[in-house]
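The residues making up each chain are set out below.
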Amino acid sequence: MNTIDQELINVRADEKLDLNKLKTYLKNELDYSFDNLEILQFSGGHANLTYLLQLDNKEYVLRRPPLGPIAPSSHDMLREYKVQSQINSKFPLAPKSLYFCDDESIIGSKFHIIERRNGYVIRKKMHDHIANSKENVRKISFRMIDILADLHKVNPNQVGLGDLGKPEGFALRQLNGWEDRWKKSTENENLKSRFDKLTSYLRLNLPQSKVVTILHNDFKLDNIMWSNIDPFDPVAVFDWDMCTRGDPLMDVGHMLNYWIDENDNEECKFITSMPTDNILYPTRKEIIDYYSNRTGFDLENINWYYAFGAFKLAVILQQIYIRYLKGQTKDKRFSTFGNRVEALINRANNVFHF
(Lines give C-alpha, C1' and ligand atoms only; values in the text may rest on other atoms or scores of the structure.)
Protein backbone atom coordinates (compact mmCIF):
# COMPACT_ATOMS: atom_id res chain seq x y z
CA MET A 1 0.00 0.00 0.00
CA ASN A 2 1.51 3.35 -0.98
CA THR A 3 1.35 6.69 0.79
CA ILE A 4 -1.73 7.90 -1.04
CA ASP A 5 -3.68 4.90 0.30
CA GLN A 6 -3.04 5.47 4.01
CA GLU A 7 -6.78 5.49 4.81
CA LEU A 8 -7.46 2.15 3.14
CA ILE A 9 -8.08 -0.94 5.26
CA ASN A 10 -9.36 -4.45 4.68
CA VAL A 11 -13.14 -4.39 4.81
CA ARG A 12 -14.43 -4.54 8.41
CA ALA A 13 -15.95 -7.95 9.20
CA ASP A 14 -19.46 -6.61 9.82
CA GLU A 15 -19.39 -4.26 6.81
CA LYS A 16 -18.45 -6.68 4.03
CA LEU A 17 -20.25 -6.61 0.67
CA ASP A 18 -21.49 -9.68 -1.17
CA LEU A 19 -18.68 -9.72 -3.72
CA ASN A 20 -20.21 -12.38 -5.98
CA LYS A 21 -23.58 -10.62 -6.20
CA LEU A 22 -21.88 -7.29 -6.87
CA LYS A 23 -19.68 -8.76 -9.62
CA THR A 24 -22.65 -10.40 -11.34
CA TYR A 25 -24.80 -7.28 -11.11
CA LEU A 26 -22.13 -4.92 -12.45
CA LYS A 27 -21.24 -7.33 -15.25
CA ASN A 28 -24.87 -7.49 -16.39
CA GLU A 29 -25.45 -3.75 -16.09
CA LEU A 30 -22.19 -2.44 -17.51
CA ASP A 31 -21.37 -5.28 -19.96
CA TYR A 32 -17.83 -5.69 -18.65
CA SER A 33 -16.10 -8.52 -16.86
CA PHE A 34 -15.68 -7.86 -13.14
CA ASP A 35 -13.96 -11.18 -12.38
CA ASN A 36 -10.84 -9.36 -11.16
CA LEU A 37 -12.74 -7.01 -8.84
CA GLU A 38 -11.11 -6.45 -5.44
CA ILE A 39 -12.52 -4.35 -2.61
CA LEU A 40 -10.93 -2.37 0.21
CA GLN A 41 -12.58 0.04 2.63
CA PHE A 42 -11.88 3.67 3.49
CA SER A 43 -11.45 3.89 7.26
CA GLY A 44 -12.53 7.53 7.65
CA GLY A 45 -16.07 8.80 8.08
CA HIS A 46 -18.63 7.91 10.72
CA ALA A 47 -21.86 7.16 8.87
CA ASN A 48 -22.01 6.20 5.20
CA LEU A 49 -19.70 3.37 4.19
CA THR A 50 -17.14 3.97 1.45
CA TYR A 51 -15.24 1.30 -0.47
CA LEU A 52 -12.49 1.27 -3.07
CA LEU A 53 -13.21 -0.92 -6.10
CA GLN A 54 -10.04 -2.04 -7.89
CA LEU A 55 -10.47 -3.51 -11.34
CA ASP A 56 -7.85 -4.08 -14.05
CA ASN A 57 -5.64 -1.15 -12.94
CA LYS A 58 -8.69 1.10 -12.61
CA GLU A 59 -10.13 2.41 -9.35
CA TYR A 60 -13.63 3.52 -8.43
CA VAL A 61 -15.40 4.39 -5.18
CA LEU A 62 -18.63 2.78 -3.96
CA ARG A 63 -20.82 4.58 -1.42
CA ARG A 64 -23.68 3.09 0.57
CA PRO A 65 -25.64 4.02 3.76
CA PRO A 66 -24.58 2.71 7.19
CA LEU A 67 -25.79 -0.61 8.55
CA GLY A 68 -28.95 -0.87 10.61
CA PRO A 69 -32.14 1.24 10.60
CA ILE A 70 -31.69 4.81 9.38
CA ALA A 71 -33.90 7.88 9.62
CA PRO A 72 -36.19 8.54 6.62
CA SER A 73 -34.56 10.76 3.95
CA SER A 74 -31.11 10.48 5.58
CA HIS A 75 -28.05 8.89 3.93
CA ASP A 76 -29.76 9.44 0.58
CA MET A 77 -27.64 7.80 -2.12
CA LEU A 78 -29.98 8.87 -4.92
CA ARG A 79 -29.64 12.50 -3.83
CA GLU A 80 -25.88 12.12 -3.59
CA TYR A 81 -25.75 10.56 -7.04
CA LYS A 82 -27.91 13.32 -8.54
CA VAL A 83 -25.74 16.05 -7.03
CA GLN A 84 -22.37 14.50 -7.88
CA SER A 85 -23.35 13.55 -11.41
CA GLN A 86 -24.24 17.18 -12.18
CA ILE A 87 -22.54 19.77 -9.96
CA ASN A 88 -19.11 18.69 -11.15
CA SER A 89 -19.38 20.92 -14.26
CA LYS A 90 -19.28 24.13 -12.16
CA PHE A 91 -17.75 22.79 -8.95
CA PRO A 92 -15.12 20.26 -10.07
CA LEU A 93 -14.08 19.45 -6.50
CA ALA A 94 -17.17 17.21 -6.33
CA PRO A 95 -16.04 13.81 -7.69
CA LYS A 96 -18.36 12.79 -10.51
CA SER A 97 -20.82 10.00 -9.75
CA LEU A 98 -20.91 7.46 -12.57
CA TYR A 99 -23.61 4.94 -11.71
CA PHE A 100 -26.56 4.48 -9.32
CA CYS A 101 -28.19 1.23 -8.18
CA ASP A 102 -31.57 1.17 -6.43
CA ASP A 103 -31.73 -2.63 -6.15
CA GLU A 104 -31.17 -3.22 -2.43
CA SER A 105 -30.84 -6.98 -2.89
CA ILE A 106 -27.32 -6.62 -4.32
CA ILE A 107 -25.42 -5.33 -1.26
CA GLY A 108 -28.30 -4.69 1.17
CA SER A 109 -28.87 -1.04 0.26
CA LYS A 110 -28.90 1.44 -2.59
CA PHE A 111 -25.44 2.54 -3.69
CA HIS A 112 -23.61 4.60 -6.26
CA ILE A 113 -20.20 4.47 -7.87
CA ILE A 114 -17.97 7.53 -8.08
CA GLU A 115 -14.71 8.42 -9.78
CA ARG A 116 -11.63 7.97 -7.58
CA ARG A 117 -9.62 10.99 -6.44
CA ASN A 118 -6.15 10.71 -4.88
CA GLY A 119 -4.73 12.93 -2.17
CA TYR A 120 -4.66 13.26 1.60
CA VAL A 121 -7.29 14.08 4.23
CA ILE A 122 -6.61 15.91 7.49
CA ARG A 123 -8.30 14.20 10.42
CA LYS A 124 -7.23 14.16 14.08
CA LYS A 125 -3.55 14.74 13.32
CA MET A 126 -1.99 17.22 10.95
CA HIS A 127 -0.80 15.34 7.88
CA ASP A 128 2.89 14.86 7.16
CA HIS A 129 2.45 16.88 3.97
CA ILE A 130 2.04 20.05 6.07
CA ALA A 131 4.59 21.42 8.48
CA ASN A 132 2.50 22.30 11.52
CA SER A 133 3.35 26.01 11.50
CA LYS A 134 0.95 28.89 12.11
CA GLU A 135 1.48 30.16 8.57
CA ASN A 136 0.62 26.80 7.00
CA VAL A 137 -2.36 26.09 9.23
CA ARG A 138 -3.86 29.52 8.58
CA LYS A 139 -3.24 29.15 4.86
CA ILE A 140 -5.10 25.87 4.61
CA SER A 141 -7.85 27.18 6.92
CA PHE A 142 -8.64 30.17 4.73
CA ARG A 143 -8.35 28.02 1.60
CA MET A 144 -11.08 25.87 3.12
CA ILE A 145 -13.36 28.92 3.44
CA ASP A 146 -12.61 29.81 -0.18
CA ILE A 147 -13.96 26.38 -1.15
CA LEU A 148 -17.18 26.95 0.78
CA ALA A 149 -17.63 30.42 -0.67
CA ASP A 150 -17.06 29.06 -4.19
CA LEU A 151 -19.71 26.39 -3.64
CA HIS A 152 -22.21 28.97 -2.41
CA LYS A 153 -21.64 31.03 -5.53
CA VAL A 154 -22.64 28.18 -7.87
CA ASN A 155 -25.98 28.86 -9.57
CA PRO A 156 -28.15 25.75 -8.97
CA ASN A 157 -29.95 26.24 -12.29
CA GLN A 158 -26.67 26.06 -14.21
CA VAL A 159 -25.90 22.58 -12.86
CA GLY A 160 -29.36 21.04 -13.16
CA LEU A 161 -30.09 21.39 -9.44
CA GLY A 162 -32.67 24.18 -9.58
CA ASP A 163 -35.30 21.80 -8.20
CA LEU A 164 -33.15 20.36 -5.40
CA GLY A 165 -34.82 20.61 -2.00
CA LYS A 166 -37.34 23.21 -0.85
CA PRO A 167 -35.67 26.48 0.16
CA GLU A 168 -38.87 28.17 1.33
CA GLY A 169 -39.28 27.63 5.07
CA PHE A 170 -35.96 25.75 5.10
CA ALA A 171 -34.78 26.76 8.59
CA LEU A 172 -38.05 25.86 10.31
CA ARG A 173 -38.33 22.57 8.44
CA GLN A 174 -34.76 21.70 9.42
CA LEU A 175 -35.47 22.53 13.05
CA ASN A 176 -38.61 20.38 13.08
CA GLY A 177 -36.93 17.48 11.30
CA TRP A 178 -33.86 17.31 13.50
CA GLU A 179 -35.95 17.71 16.67
CA ASP A 180 -38.05 14.74 15.59
CA ARG A 181 -34.92 12.65 14.95
CA TRP A 182 -33.59 13.55 18.40
CA LYS A 183 -36.77 12.35 20.10
CA LYS A 184 -36.52 9.04 18.28
CA SER A 185 -32.88 8.45 19.14
CA THR A 186 -32.50 9.16 22.87
CA GLU A 187 -33.97 8.01 26.17
CA ASN A 188 -31.85 10.26 28.41
CA GLU A 189 -34.39 12.43 30.27
CA ASN A 190 -31.81 14.99 31.45
CA LEU A 191 -30.58 15.60 27.92
CA LYS A 192 -34.17 15.69 26.64
CA SER A 193 -35.03 18.50 29.06
CA ARG A 194 -32.04 20.63 28.06
CA PHE A 195 -32.66 19.89 24.40
CA ASP A 196 -36.30 21.00 24.67
CA LYS A 197 -35.18 24.33 26.13
CA LEU A 198 -32.75 24.81 23.27
CA THR A 199 -35.22 23.96 20.50
CA SER A 200 -37.81 26.30 22.01
CA TYR A 201 -35.32 29.17 21.93
CA LEU A 202 -34.24 28.36 18.38
CA ARG A 203 -37.88 28.36 17.30
CA LEU A 204 -38.63 31.71 18.95
CA ASN A 205 -35.61 33.37 17.32
CA LEU A 206 -35.87 31.80 13.86
CA PRO A 207 -34.02 34.02 11.34
CA GLN A 208 -35.39 35.04 7.95
CA SER A 209 -33.20 33.58 5.20
CA LYS A 210 -31.88 36.29 2.87
CA VAL A 211 -30.07 34.13 0.30
CA VAL A 212 -30.64 30.70 -1.28
CA THR A 213 -27.62 28.69 -2.43
CA ILE A 214 -26.52 25.10 -2.83
CA LEU A 215 -25.69 23.72 0.62
CA HIS A 216 -23.25 20.91 1.20
CA ASN A 217 -24.80 20.37 4.65
CA ASP A 218 -21.78 18.59 6.17
CA PHE A 219 -18.91 20.88 5.27
CA LYS A 220 -15.80 20.39 7.44
CA LEU A 221 -12.07 19.91 7.15
CA ASP A 222 -12.07 16.11 6.99
CA ASN A 223 -14.52 16.13 4.08
CA ILE A 224 -11.86 17.80 1.93
CA MET A 225 -9.03 16.02 0.12
CA TRP A 226 -5.80 17.89 -0.66
CA SER A 227 -3.19 17.31 -3.34
CA ASN A 228 -0.15 15.14 -2.63
CA ILE A 229 1.87 17.47 -4.87
CA ASP A 230 0.72 20.87 -3.58
CA PRO A 231 -0.55 20.37 0.00
CA PHE A 232 -2.64 23.55 -0.15
CA ASP A 233 -4.42 22.63 -3.38
CA PRO A 234 -7.81 20.90 -2.85
CA VAL A 235 -8.67 17.98 -5.11
CA ALA A 236 -12.05 16.83 -3.76
CA VAL A 237 -14.96 17.54 -1.43
CA PHE A 238 -16.80 14.44 -0.16
CA ASP A 239 -20.12 13.43 1.47
CA TRP A 240 -22.89 15.02 -0.62
CA ASP A 241 -25.83 12.91 0.59
CA MET A 242 -27.41 15.81 2.52
CA CYS A 243 -26.80 18.43 -0.19
CA THR A 244 -29.78 20.70 -0.88
CA ARG A 245 -30.73 24.31 -1.56
CA GLY A 246 -31.23 26.66 1.36
CA ASP A 247 -29.68 29.30 3.58
CA PRO A 248 -25.86 29.22 3.13
CA LEU A 249 -25.31 30.24 6.75
CA MET A 250 -26.45 26.74 7.70
CA ASP A 251 -23.17 25.49 6.21
CA VAL A 252 -21.20 28.16 8.05
CA GLY A 253 -22.84 27.44 11.42
CA HIS A 254 -22.31 23.70 10.98
CA MET A 255 -18.65 24.15 10.04
CA LEU A 256 -17.98 26.44 13.01
CA ASN A 257 -18.93 23.62 15.35
CA TYR A 258 -16.08 21.50 14.00
CA TRP A 259 -13.70 24.44 14.37
CA ILE A 260 -11.40 24.89 17.33
CA ASP A 261 -9.22 27.82 18.30
CA GLU A 262 -6.88 28.67 21.14
CA ASN A 263 -9.64 30.31 23.20
CA ASP A 264 -11.74 27.13 23.42
CA ASN A 265 -12.05 25.07 26.60
CA GLU A 266 -11.09 21.41 26.90
CA GLU A 267 -14.63 20.20 26.23
CA CYS A 268 -14.36 21.55 22.68
CA LYS A 269 -11.83 18.82 21.93
CA PHE A 270 -14.68 16.30 22.23
CA ILE A 271 -16.50 18.08 19.41
CA THR A 272 -13.93 18.95 16.80
CA SER A 273 -12.69 16.55 14.15
CA MET A 274 -9.68 18.81 13.52
CA PRO A 275 -6.15 18.17 14.86
CA THR A 276 -5.74 19.46 18.41
CA ASP A 277 -2.06 18.74 19.11
CA ASN A 278 -1.04 22.31 18.34
CA ILE A 279 -3.97 24.71 17.90
CA LEU A 280 -2.90 27.37 15.43
CA TYR A 281 -6.13 27.96 13.53
CA PRO A 282 -7.71 31.35 12.88
CA THR A 283 -10.40 32.25 15.41
CA ARG A 284 -14.06 31.74 14.57
CA LYS A 285 -14.44 35.50 14.26
CA GLU A 286 -11.67 35.61 11.67
CA ILE A 287 -13.36 32.80 9.76
CA ILE A 288 -16.74 34.54 9.87
CA ASP A 289 -15.27 37.85 8.71
CA TYR A 290 -13.31 36.18 5.90
CA TYR A 291 -16.38 34.30 4.62
CA SER A 292 -18.47 37.48 4.75
CA ASN A 293 -15.87 39.38 2.73
CA ARG A 294 -15.64 36.57 0.17
CA THR A 295 -19.39 36.26 -0.35
CA GLY A 296 -20.85 39.63 0.61
CA PHE A 297 -23.45 37.80 2.74
CA ASP A 298 -24.81 39.31 5.98
CA LEU A 299 -23.73 37.25 9.01
CA GLU A 300 -25.42 39.38 11.67
CA ASN A 301 -27.39 36.38 13.03
CA ILE A 302 -24.54 33.90 12.83
CA ASN A 303 -24.94 32.90 16.51
CA TRP A 304 -28.33 31.35 15.72
CA TYR A 305 -26.75 29.26 12.96
CA TYR A 306 -23.84 28.36 15.24
CA ALA A 307 -26.22 27.12 17.94
CA PHE A 308 -28.38 25.33 15.39
CA GLY A 309 -25.24 23.68 13.99
CA ALA A 310 -24.44 22.34 17.47
CA PHE A 311 -28.04 21.14 17.84
CA LYS A 312 -27.99 19.37 14.47
CA LEU A 313 -24.57 17.81 15.01
CA ALA A 314 -25.68 16.52 18.42
CA VAL A 315 -28.58 14.73 16.74
CA ILE A 316 -26.36 13.27 14.01
CA LEU A 317 -23.92 11.90 16.59
CA GLN A 318 -26.75 10.63 18.81
CA GLN A 319 -28.20 8.69 15.87
CA ILE A 320 -24.81 7.04 15.35
CA TYR A 321 -24.30 6.49 19.10
CA ILE A 322 -27.65 4.75 19.55
CA ARG A 323 -26.76 2.36 16.72
CA TYR A 324 -23.54 1.55 18.58
CA LEU A 325 -25.37 1.03 21.90
CA LYS A 326 -27.84 -1.32 20.20
CA GLY A 327 -25.05 -3.32 18.56
CA GLN A 328 -26.05 -2.32 15.03
CA THR A 329 -22.44 -1.29 14.46
CA LYS A 330 -19.38 -2.55 16.34
CA ASP A 331 -17.10 0.34 15.37
CA LYS A 332 -15.33 1.32 18.63
CA ARG A 333 -14.83 4.89 17.40
CA PHE A 334 -18.47 5.53 18.34
CA SER A 335 -18.09 4.59 22.02
CA THR A 336 -17.26 8.20 23.06
CA PHE A 337 -20.06 9.85 21.12
CA GLY A 338 -22.16 10.27 24.28
CA ASN A 339 -19.57 12.75 25.61
CA ARG A 340 -19.56 14.61 22.29
CA VAL A 341 -23.35 14.91 22.27
CA GLU A 342 -23.35 16.41 25.77
CA ALA A 343 -20.55 18.83 24.86
CA LEU A 344 -22.53 20.03 21.84
CA ILE A 345 -25.66 20.66 23.88
CA ASN A 346 -23.55 22.60 26.39
CA ARG A 347 -22.14 24.69 23.55
CA ALA A 348 -25.53 25.48 22.02
CA ASN A 349 -26.94 26.49 25.40
CA ASN A 350 -23.87 28.63 26.15
CA VAL A 351 -24.30 30.52 22.87
CA PHE A 352 -27.66 31.72 24.21
CA HIS A 353 -26.33 32.04 27.80
CA PHE A 354 -28.67 29.43 29.30
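Here, the structure is the one placed above.
Here the residue numbering is sequential within each chain, running from 1 through the sequence in written order. Given that this is a predicted model, residues contribute local features only at a pLDDT of at least 70 and side-chain atom pairs are listed and counted only at 80 or more, while totals for whole chains, interfaces and linings are drawn from all residues. The side-chain figures draw on all heavy atoms in the structure; neither hydrogens nor water molecules are used.

**Digging into helix α10 (residues 337-351)**
Note: α-helices contain 3.6 residues per turn, so residues at a spacing of three or four share the same orientation. Each helix corresponds to a stretch of at least 4 residues labelled H or I by DSSP, and each strand to a stretch of at least 2 residues labelled E; elements are numbered beginning at the N terminus. Here the expected span of a helix is defined as 1.5 Å times the quantity of residues minus one. Given a rise of 1.5 Å per residue, 15 residues ought to cover 21 Å, and the 21 Å separating the end C-alpha atoms of α10 matches this to within 8%. All of the buried residues along α10 are Phe 337, Arg 340, Val 341, Ala 343, Leu 344, Ile 345, Asn 346, Arg 347, Ala 348, Asn 349 and Val 351. Among the structural elements, α4 (170-185), α5 (189-204), α6 (249-258), α7 (268-271), α8 (284-295) and α9 (302-325) are those in contact with the buried residues of α10. Exposure categories follow from relative accessible area, calculated using a 1.4 Å probe and restricted to protein chains: below 20% of the type maximum is buried, above 50% is exposed, and the middle band is partly exposed. Here, two residues are considered to be in contact whenever any of their heavy atoms come within 4.5 Å of each other.

**Some words on the sheet that holds strand β9 (residues 224-226)**
Overall, antiparallel pairing links the three strands, which are arranged β7-β9-β10 in an open sheet. At either end of the open sheet lies a strand with only one pairing partner, and these are β7 (120-121) and β10 (234-237). Note that β9 and β10 share three bridges and pair antiparallel. Across the sheet, the residue bridging to Trp 226 is Pro 234, located in β10. Note on geometry: axes are C-alpha line fits, over the in-contact stretch for helices, and angles between N-to-C directions span 0 to 180 degrees. Most of the contacts of helix α3 (residues 134-152) go to β9, to which it runs at about 125°, and overall it touches β7, β9 and β10. Whether two strands pair comes down to DSSP finding at least two bridges between them.

**Topic: the pairing of strand β2 (residues 38-42)**
Among the five residues in β2, four count as buried, and that is most of the element. In this structure, strand β1 (residues 8-9) lies alongside β2, joined through two bridges in antiparallel fashion. Bridge assignment links Leu 8 to a residue of β2, and that residue is Phe 42.

**Thoughts on the packing of α9 against α10**
Viewed as axis vectors pointing N to C, α9 and α10 meet at an angle of 160°, and their least axial separation amounts to 9 Å. The orientation of α9 with respect to α10, classified from their angle, is roughly antiparallel. Between α9 and α10 lies a crossing of left-handed hand. Contacts between α9 and α10 involve Asn 303, Tyr 306, Ala 307, Ala 310, Leu 313, Ala 314, Leu 317, Gln 318, Ile 320 and Tyr 321 on the former and, on the latter, Phe 337, Gly 338, Arg 340, Val 341, Leu 344, Ile 345, Arg 347, Ala 348 and Val 351. Each residue gets one label: Ala, Val, Leu, Ile, Met, Phe, Trp, Tyr, Cys and Pro are nonpolar, Asp, Glu, Lys and Arg are charged, and the others, such as Gly, are polar. Grouping the constituent residues of the contact of α9 with α10 by class yields 14 nonpolar, three polar and two charged. Each angle receives one of four descriptions, namely roughly parallel if under 35 degrees, roughly antiparallel if over 145, roughly perpendicular if within 65 to 115, and oblique otherwise. Helix crossings are classified by the rotation of the near helix relative to the far one: an anticlockwise turn of less than a right angle makes the crossing left-handed, while a clockwise turn makes it right-handed.

**Focus on the pattern of salt bridges**
By convention in these notes, a salt bridge is any Lys or Arg side-chain nitrogen within 4 Å of a carboxyl oxygen on Asp or Glu. Following the criterion strictly, the structure yields 24 salt bridges and no others. Among the salt bridges present, the one from Glu 80 reaches Arg 63, with a minimum N-O distance of 2.7 Å. Of this pair, Glu 80 sits in helix α2 (residues 77-84) while Arg 63 is found in strand β4 (residues 58-64), placing the two residues 17 residues apart along the sequence. Assigned by exposure class, Glu 80 and Arg 63 land together as buried. One salt-bridge network, held together by shared partners, links Glu 7, Arg 123, Lys 220 and Asp 222.

**Details of the environment of Gly 177**
Relative to the assigned elements, Gly 177 resides in helix α4. In this structure Gly 177 comes out as partly exposed when scored by relative accessible area, which is 30%. Sequence-wise, Gly 177 and Lys 312 are 135 residues apart; in three dimensions their C-alpha atoms are separated by 9.7 Å.

**Some points on the packing of aromatic side chains**
Working definition: a ring pair exists when centres of Phe, Tyr or Trp rings (six-membered ring for Trp) sit within 6.5 Å. Plane angles under 30 degrees give stacked, over 60 give edge-to-face, the rest tilted. Counted according to the given criterion, the structure contains 14 aromatic pairs. When the ring of Trp 304 is compared with that of Phe 308, the centres are 5.4 Å apart and the planes differ by 5°; the resulting orientation is stacked. Highlighted residues: Trp 304 and Phe 308, both in helix α9, separated by four residues, approximately one helical turn. Every member of this aromatic cluster is reached through a ring pair, and the members are Trp 182, Phe 195, Trp 304, Tyr 305, Phe 308 and Phe 311. Note that Lys 139 overlies the ring of Phe 232, its terminal NZ or CZ placed 4.3 Å from the centroid. Ring-over charges, as used throughout, are those where CZ of Arg or NZ of Lys falls within 6 Å of the ring centre and within 35 degrees of the ring normal. Its guanidinium or amino end placed over the ring of Phe 337, Arg 340 lies 5.0 Å from that ring's centre, counting from NZ or CZ.

**Digging into the pairing of strand β5 (residues 97-101)**
When a strand is regular, its side chains alternate between the sheet's two faces. Counting buried residues along β5, four of its five residues qualify, which places the element largely inside the surrounding structure. Sheet analysis places β5 next to strand β6 (residues 111-115), joined by four bridges and oriented antiparallel. Paired with Ser 97 across the two strands is Ile 114, which belongs to β6.

**What to know about unusual backbone geometry**
A positive phi is found at Asp 56, a non-glycine position, where the angle reads about 50°. Relative to the helices and strands, Asp 56 resides in the loop between β3 (49-55) and β4. Residues other than glycine seldom take positive phi values, yet Asp 239 does so here, at roughly 65°. Here Asp 239 is to be found in the loop between β10 and β11 (244-246).

**Observations regarding the environment of Asp 31**
Structurally, Asp 31 can be placed in the loop between α1 (19-30) and β2. Take Asp 31: its relative accessible area is 70%, and that puts it in the exposed class. Taking the C-alpha atoms as reference points, Asp 31 and Trp 259, separated by 228 residues in sequence, lie 46 Å from one another.

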